[in-house]
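A structural walkthrough
Chain residues, written in single-letter form:
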Amino acid sequence: MDTNALSADMVLGIPLFDEAHAALAEQINVLLEGPDEEFEENLAALIECLEDDFRVEEQLMEAIDYPATRSHREQHARVLATLHGLAPGDIDAGRKVAALILPWFQVHLATADTALAIALQIAGRAHGAPAGQDDVPAARLSPRRRPIPHLS
Ligand SMILES: [Fe+2]
């Protein structure tokens with residue numbers, strides 16, 4: 001399994017999700033490969049990106065009264081708790097945790113997020129509108145991202 005990027009078969013076909021997930025993969029790579037002196041800033045950016053992505057998903061779950069909301073939210077919460085629990089300045093531990101996030105994310109994408117995407121598509125067909133995209137304010141449709149110094 002490629003742990004450095006999302007493969008083409010990992011996209012869900014929902015632009016909102018796919019863009020957010022691509023941004024997360026990019027943030028993880030920046031954290032892993034960036035200089036030590038930028039680690040804390042890059043970690044904060046990754047956490048912010050994850051929180052934004054998870055928030056949008058959770059709002060969509062609520063909008064369609066998704067039956068697996070609790071278990072899906074628990075998966076999000078565990079990742080965020082792990083990242084928030086990192087000791088400030090412990091770059092080695094932070095990189096080890098960050099290296100595990102993308103493989104976790106690929107499994108999460110292939111299971112929980114795919115199931116949610118299908119539920120949203122079904123709900124969208126039932127209501128005659130693109131699933132979930134009419135229920136979320138436009139500002140939430142694109143993940144907030146910090147500029148990445150070496151990529152901009
Ligand atoms: Fe998710």
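Please read these numbers as outputs of a predicted model, since none were measured by experiment.

Here we look at the overall build of the chain
- Check the secondary structure of the chain and you find 4 helices and 0 strands.
- The order of α-helices and β-strands along the chain, N terminus first, is α-α-α-α.
- Here the chain holds 152 residues, and 24% of them are scored as buried.
- The contacts in the chain between residues at least 6 apart in sequence include a share of 70% that link residues at least 24 apart.

Quick look at the nonpolar core
- Of all hydrophobic cores here, the largest spans 23 residues; its most connected members are Leu24, Ile28, Leu31 and Leu46.
- Mapped by element, the contributors of at least two residues to this core are α1 (15-33), α2 (39-63) and α4 (91-127).
- If you tally residues by element for this core, the top one is α4, at 8 residues.
- Residues within four places of Ile28 in sequence aside, it is in contact with Leu46, Ala98, Ile101 and Leu102.

Some points on α2
- Given a rise of 1.5 Å per residue, 25 residues ought to cover 36 Å, and the 36 Å separating the end C-alpha atoms of α2 matches this to within 8%.
- Asp65 lies just past α2 and shows a positive phi near 55°.

Examining the packing of α2 against helix α3 (residues 69-84)
- Contact pair α2 / α3: the axes reach a minimum separation of 11 Å and the direction vectors enclose 170°. Regarding the angle of α2 to α3, the classification is roughly antiparallel. Where α2 abuts α3, its residues Ile47, Leu50, Glu51, Phe54, Glu58, Met61 and Glu62 lie against Thr69, His72, Arg73, His76, Val79, Leu80 and Leu83.

Notes on the confidence of the model for the chain
- A residue-level look at the chain finds 72% of positions with pLDDT of 70 or above and a mean pLDDT of 79.
- Looking across the chain, the model is least confident in α1, with a mean pLDDT of 82, and most confident in α3, with 97.
- A low-confidence stretch, residues 134-152 stays under pLDDT 50, and its non-local contacts, those more than four residues away or across chains, total 24 contacts.

Remarks on unusual backbone geometry
- If you check the backbone angles, Asp65 has positive phi at about 55° while not being a glycine.
- Structurally, Asp65 is set in the loop between α2 and α3.

Some remarks on the environment of Phe39
- If you trace the backbone, Phe39 turns up in helix α2.
- Among the residues examined, Phe39 registers 18 C-beta atoms within 10 Å and is labelled partly exposed.
- Residues Phe39 and Arg95 lie 56 residues apart in sequence; the distance between their C-alpha atoms is 8.8 Å.
- When residues no more than four places from it in sequence are discounted, the contact partners of Phe39 are Gly34, Ile91 and Gly94.

So, the environment of Glu40
- Positionally, Glu40 belongs in helix α2.
- Separated by 49 residues in sequence, Glu40 and Gly89 have C-alpha atoms that sit 7.3 Å apart.

Conventions and cut-offs
Residues numbered from 1 in each chain as written. Predicted model: local features only at pLDDT ≥ 70, side-chain atom pairs only at ≥ 80, totals over all residues. Helix = DSSP H or I, 4+ residues; strand = E, 2+ residues; numbered from the N terminus. Buried ≥ 20, exposed ≤ 12 C-beta atoms within 10 Å, placed from the backbone. Contact = placed C-beta atoms within 7 Å. Core = buried A, V, L, I, M, F, W, Y, C linked by C-beta atoms within 7 Å. Expected span 1.5 Å × (residues − 1). Axes fitted to C-alpha atoms, helices over the stretch in contact; angles between N-to-C directions. Parallel < 35°, antiparallel > 145°, perpendicular 65-115°, else oblique. pLDDT = per-residue confidence, 0-100.

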